[in-house]
Amino acid sequence: MIKAELRKHIKQLKSLHQDTNATDSERIMQALATDAHFKKAMTVLLYHSLSDEVNTHQFLEEWCKQKQVLLPVVVGDHLELRHYYGAHELKTGAFGIAEPTGTLFKDYTKIDFVAVPGLAFDKNGHRLGRGKGYYDRLLPQLTNAYKAGICYPFQVVDEVPVEPTDITMDGIITI
């Protein structure tokens, strides 16, 4: 299956699972909170979810008080990372994504854990994103971070088409 077809297929599946997404999001975030790599991490890169992604909003509020939390901000063709201190500092950025206005973070070697959204993942850790390559450009710079794909169960597929620029996840967190 080519990437465009897989994106279309996942979009159809998402509409079929709308009734369970809220409950599933809570359970996935609980799984993330108890993940050994996340628990030991001090500096974590998370994401402020879009409406069709596993909901991270409450999770962010809880954990920004306990860990150094970073969120990405779209700047041109790249992501820059900013400190996240709470929802009060979010503003709408590129693609309608809520982005933090906290201080810029540049010491990527200090990031221990990154939660990566995606449209689909396979059991080998391959990820299908939205097609813009933002995470594929950022993730190679996070050399010390454990990279975890975060997704609903229906987003785990047999095989994701892989290109040389695609970054493999170290693990997948779902229910």
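Structure first, text after, so check above.
All values derive from a computational prediction rather than experimental measurement.

1. Looking at the sheet that holds strand β3 (residues 78-83)
With mixed pairing, the seven strands of this open sheet are ordered in space as β6-β3-β2-β1-β7-β10-β12. The sheet is open, and its two borders are formed by β6 (104-105) and β12 (171-173), each paired with just one other strand. Where strand β2 (residues 68-75) meets β3, six bridges bridge the pair, whose relative direction is antiparallel. By the bridge assignment for β3, Val73 is matched with Glu80.

2. Notes on the pairing of β3
Of the two faces of β3, the one lined by Leu79, Leu81 and His83 is fully buried and the one lined by His78, Glu80 and Arg82 carries no buried residue. If you look at the hairpin formed by β2 and β3, you'll find two residues sitting between the two strands, and Gly76 has a positive phi there, around 65°.

3. Looking at the side chain of Asp24
Position of Asp24 among the secondary structure elements: in helix α2 (residues 21-34). Aside from chain neighbours lying at most four places away, what touches Asp24 is Tyr152 and Ile175.

4. Re the pairing of strand β10 (residues 146-150)
Within β10, five of the five residues are buried, which leaves the element mostly enclosed by the surrounding structure. Of the two faces of β10, the one lined by Tyr146, Ala148 and Ile150 and the one lined by Lys147 and Gly149 are each fully buried. As judged from the five bridges shared by strand β7 (residues 113-117) and β10, these two strands associate in the parallel manner. Paired with Val116 across the two strands is Gly149, which belongs to β10. Pairing between β10 and β12: three bridges, direction parallel. Of the residues in β12, the one forming a bridge with Ala148 is Gly171.

5. Concerning the environment of Ala94
By the element assignment, Ala94 lies in the loop between β4 (90-92) and β5 (98-100). By relative accessible area, Ala94 is classed as partly exposed at 27%. Between the C-alpha atoms of Ala94 and Leu81, which are 13 residues apart in sequence, the distance is 14 Å. Not counting residues up to four positions away in its chain, the partners in contact with Ala94 are Val74 and Glu99.

6. Observations regarding unusual backbone geometry
Despite not being glycine, Phe95 has its phi angle at roughly 60°, a positive value. Here Phe95 is to be found in the loop between β4 and β5. With relative accessibility at 53%, the residue Phe95 sits in the exposed group.

Analysis parameters
- Residues numbered from 1 in each chain as written.
- Predicted model: local features only at pLDDT ≥ 70, side-chain atom pairs only at ≥ 80, totals over all residues.
- Heavy atoms only, no water.
- Pairing = 2+ DSSP bridges.
- Helix = DSSP H or I, 4+ residues; strand = E, 2+ residues; numbered from the N terminus.
- Buried < 20%, exposed > 50% of the residue type's maximum accessible area, 1.4 Å probe, protein only.
- Contact = heavy atoms within 4.5 Å.

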